[in-house]
Amino acid sequence: MGTDTTPPGTDPLTNVQSKDVTINPQTGVAARLYLPPNPAGKLPLLIYIHGGAFCICTPFNTTYHRHLNTLTAETNAVVVSVHYRLAPEHPLPTAYDDTWEAIQWTATHAAAHGGGPEPWLNDHADFSRVFLAGDSAGANLAHNMAMRGAVEGFGGFTLDGLVLIHPYFGNDQRDELTEFLYPSYGGLTDPKIHPEKDPNLSGLGCRRVLVLVAEEDFLRERGRSYYETVKGSAWSGTVEMVETEGEEHVFHLMNPSAEKSVDLVKQIVSFIKQSQC
């Protein structure tokens, strides 16, 4: 599952352009970049982290490529879709460190650094309007990147918002898959998997958070719990949750043309475009 790939190029449906870049030749950390049609001036920057339980899928899958073409076109944003190494061959926390490396590479293109190696980012990305987004395990990674950035800094850009789609977090039950993929897992108090146990949660490094959950998703209550935890913390930002009735986990990836899938994308678009207000 998740092993099919599709090449970058110009998408015939959206006219979005894409290309692949290598960030670290030694480890294989990479990204697929997306540019909306007729880009004018500086555009919001969306860093997207794919899901797949930390162990399947890549940004180059047909499913994710299609989804990111749509998001790029609808948000009119420059997109960096992160390729991190997968467990169990590369056990957690490798995915966290790889994703952070991709974010740091992206940040080298901010004006504070004088520009990086990628012209699409130098010419078109507005580093005062940066968003992190991910689905499932990718949403977990996105949250943890926002936490890490709050401590270490984002290297010259401002993180405006965080979009968590059907996020994976732990609950109060033992999770054998997590234990297998994450040998150094700290158990039910590990803040990477259990943010409600993180004493530094109030320092979440963005202004706004959007949590998307689905009524029939087996992770629904974990997403709701995250929302309630962040809302009840001392964090000074704003958090919003939207629930889709009658749908299962990552339904929007499986059936992207369905009405509720289109609505989910609209929620993300609206959240990102609020930064222009």
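Along each chain, residue indices are assigned from 1 in the same order as the chain's sequence is written. Per-residue local features are limited, in this predicted model, to residues with pLDDT of at least 70; the limit for side-chain atom pairs, both in listing and counting, is 80 or more; totals at the level of whole chains, interfaces and linings are taken over all residues. By convention in this description, side-chain values take in all heavy atoms of the structure and omit both hydrogens and water.

Looking at an unreviewed UniProt entry, one finds the protein chain named Alpha/beta hydrolase fold-3 domain-containing protein, with Arachis hypogaea as its source organism. UniProt positions are given in the numbering used here, feature names are shortened, and annotations may be inferred rather than shown by experiment. Recorded under Sequence similarities (unreviewed entry), the UniProt text for the protein chain is reproduced unchanged: "Belongs to the 'GDXG' lipolytic enzyme family."

A.B. asks: How should the packing of helix 2 (residues 94-107) against helix 4 (residues 137-152) be read in this particular structure?
C.D. replies: Only the stretch in contact is used when fitting a helix axis, every axis being a line fitted to C-alpha atoms; angles between N-to-C directions are given from 0 to 180 degrees. Where helices and strands are cited, they refer to DSSP runs of H or I of at least four residues and of E of at least two residues respectively, numbered from the N terminus. The interhelical angle for the contact between helix 2 and helix 4, taken along N-to-C directions, is 60°, at an axis separation of 10 Å. When the axes of helix 2 and helix 4 are compared, the pair comes out oblique. The chirality of how helix 2 crosses helix 4 is right-handed. The segment helix 2 lies against helix 4, with A95, Y96, D97, T99, W100 and I103 engaging N140, L141, N144, M145, R148, G149 and E152. In the scheme used here, Gly and all other residues not listed as nonpolar or charged are polar, with Ala, Val, Leu, Ile, Met, Phe, Trp, Tyr, Cys and Pro taken as nonpolar and Asp, Glu, Lys and Arg as charged. For the contact of helix 2 with helix 4, the class distribution of residues is six nonpolar, four polar and three charged. Throughout this description, any angle smaller than 35 degrees is read as roughly parallel, any larger than 145 degrees as roughly antiparallel, any in the 65 to 115 degree range as roughly perpendicular, and the remainder as oblique. Whether a crossing is left-handed or right-handed is set by the direction in which the near helix is turned from the far one by less than a right angle, anticlockwise for left-handed and clockwise for right-handed. Contacts: residue pairs with any heavy atoms within 4.5 Å of one another.

A.B. asks: Whenever I open this one, a negative patch on the surface confuses me. Can you help?
C.D. replies: On the surface, E215, E216, E245 and E248 cluster together into a negatively charged patch. In this structure, E248 sits in the loop between strand 8 (238-244) and helix 7 (251-254). Only protein chains enter the area calculation, which uses a 1.4 Å probe; residues under 20% of their type maximum are buried, those over 50% are exposed, and those in between are partly exposed. For E248, a relative accessible area of 54% puts it in the exposed group. Patches here are clusters of residues that have more than 30% relative accessible area and form no salt bridge, with a 9 Å joining cutoff for like charges and a 5 Å cutoff for nonpolar side chains (Val, Leu, Ile, Met, Phe, Trp, Tyr). Shrake-Rupley sampling with a 1.4 Å probe provides the accessible areas, and residues are treated as covered by the protein chains on show and by no other component. For salt bridges, the criterion is a side-chain nitrogen of Lys or Arg within 4 Å of an Asp or Glu carboxyl oxygen. His is not counted, nor are the chain ends; Lys and Arg add positive charge and Asp and Glu add negative charge. Working definition for charges: the position is that of NZ of Lys, CZ of Arg, CG of Asp or CD of Glu.

A.B. asks: Just to check I follow, could you spell out the pattern of salt bridges for this structure?
C.D. replies: Note on pairing: side chains with opposite charge can pair once their charged atoms come close. Applying the stated criterion across every chain yields a total of twelve salt bridges. Where E118 meets K19, a salt bridge forms, and the shortest distance between an N and an O atom there is 2.8 Å. Here K19 lies in strand 1 (residues 17-24) and E118 lies in the loop between helix 2 and helix 3 (119-124), a separation of 99 residues in the sequence. On the basis of relative accessible area, E118 is assigned to the buried category, the value being 5%. As a salt-bridge pair, E179 and R174 come within 2.9 Å of each other at their nearest N and O atoms. By sharing partners, the salt bridges in this structure join R220, E221, R224 and E243 into a single network.

A.B. asks: Is there a simple way to think about the state of the cysteines in this case?
C.D. replies: Cysteine pairs can be linked by a disulfide, which is a covalent bond between their two sulfur atoms. Count a disulfide wherever a pair of cysteine sulfur atoms falls within 2.5 Å. If you walk through the whole model with that rule in mind, you get zero disulfides. The structure places no disulfide on C55, whose sulfur is separated from the nearest cysteine sulfur, that of C57, by 8.8 Å.

A.B. asks: It is not clear to me how helix 8 (residues 259-273) should be interpreted in this structure. Could you clarify?
C.D. replies: Owing to its 3.6 residues per turn, the α-helix aligns residues three or four sequence positions apart on the same side. For helix 8, with 15 residues, the first-to-last C-alpha span of 21 Å sits near the 21 Å given by 1.5 Å per residue. Of the positions making up helix 8, those classed as buried are S261, L264, V265, I268, V269, F271 and I272. Each buried residue of helix 8 lies within a common arc of 165° when the element is viewed along its axis, so the set occupies one face. Away from the buried face of helix 8 by more than 90 degrees, exposed residues E259 and K266 are located. Looking at the buried residues of helix 8, the elements they touch are strand 3 (43-49), helix 1 (62-75), strand 5 (125-135), strand 6 (159-165), strand 7 (208-214) and helix 7. Expected span of a helix: the number of residues minus one, times 1.5 Å. This arc is taken over the directions from the axis of the helix to the C-beta atoms.

A.B. asks: How do you make sense of the environment of I47 when you look at a structure like this?
C.D. replies: The topology assignment puts I47 in strand 3. C-alpha separation for the pair I47 and I103, spaced 56 residues apart in sequence, amounts to 7.8 Å. The contact partners of I47, leaving out residues within four places of it in the chain, are V80, V82, I103, T106, V130, F131, L132, A133 and F157.

A.B. asks: Would you explain the packing of aromatic side chains in this entry?
C.D. replies: Any pair of Phe, Tyr and Trp rings, taking the six-membered ring for Trp, is counted once the centres come within 6.5 Å. Such a pair is stacked with planes under 30 degrees apart, edge-to-face with planes over 60 apart, and tilted for the rest. Taken as a whole, this structure holds nine aromatic pairs when the rule is applied. Considering the side-chain rings of F54 and Y96, the 6.1 Å spacing of their centres and the 45° angle between planes classify their relative orientation as tilted. Of this pair, F54 sits in the loop between strand 3 and helix 1 while Y96 is found in helix 2, placing the two residues 42 residues apart along the sequence. Like Y96, F54 is buried. Here the aromatic rings of F54 and Y168 are separated by 6.1 Å at their centres, their planes lie at 85°, and the arrangement is edge-to-face. Placement of F54 in the loop between strand 3 and helix 1 and of Y168 in the loop between strand 6 and helix 5 (176-181) is noted, with a sequence separation of 114 residues between them.

A.B. asks: How do you make sense of the UniProt feature "active site" (unreviewed entry) in the protein chain when you look at a structure like this?
C.D. replies: Those residues carrying the UniProt feature "active site" (unreviewed entry) are S136 in this numbering. Here S136 lies in the loop between strand 5 and helix 4. In this structure S136 comes out as buried when scored by relative accessible area, which is 9%. Excluding its chain neighbours within four sequence positions, the residues that come into contact with S136 are G51, I165, H166, P167, Y168, L219 and H249.

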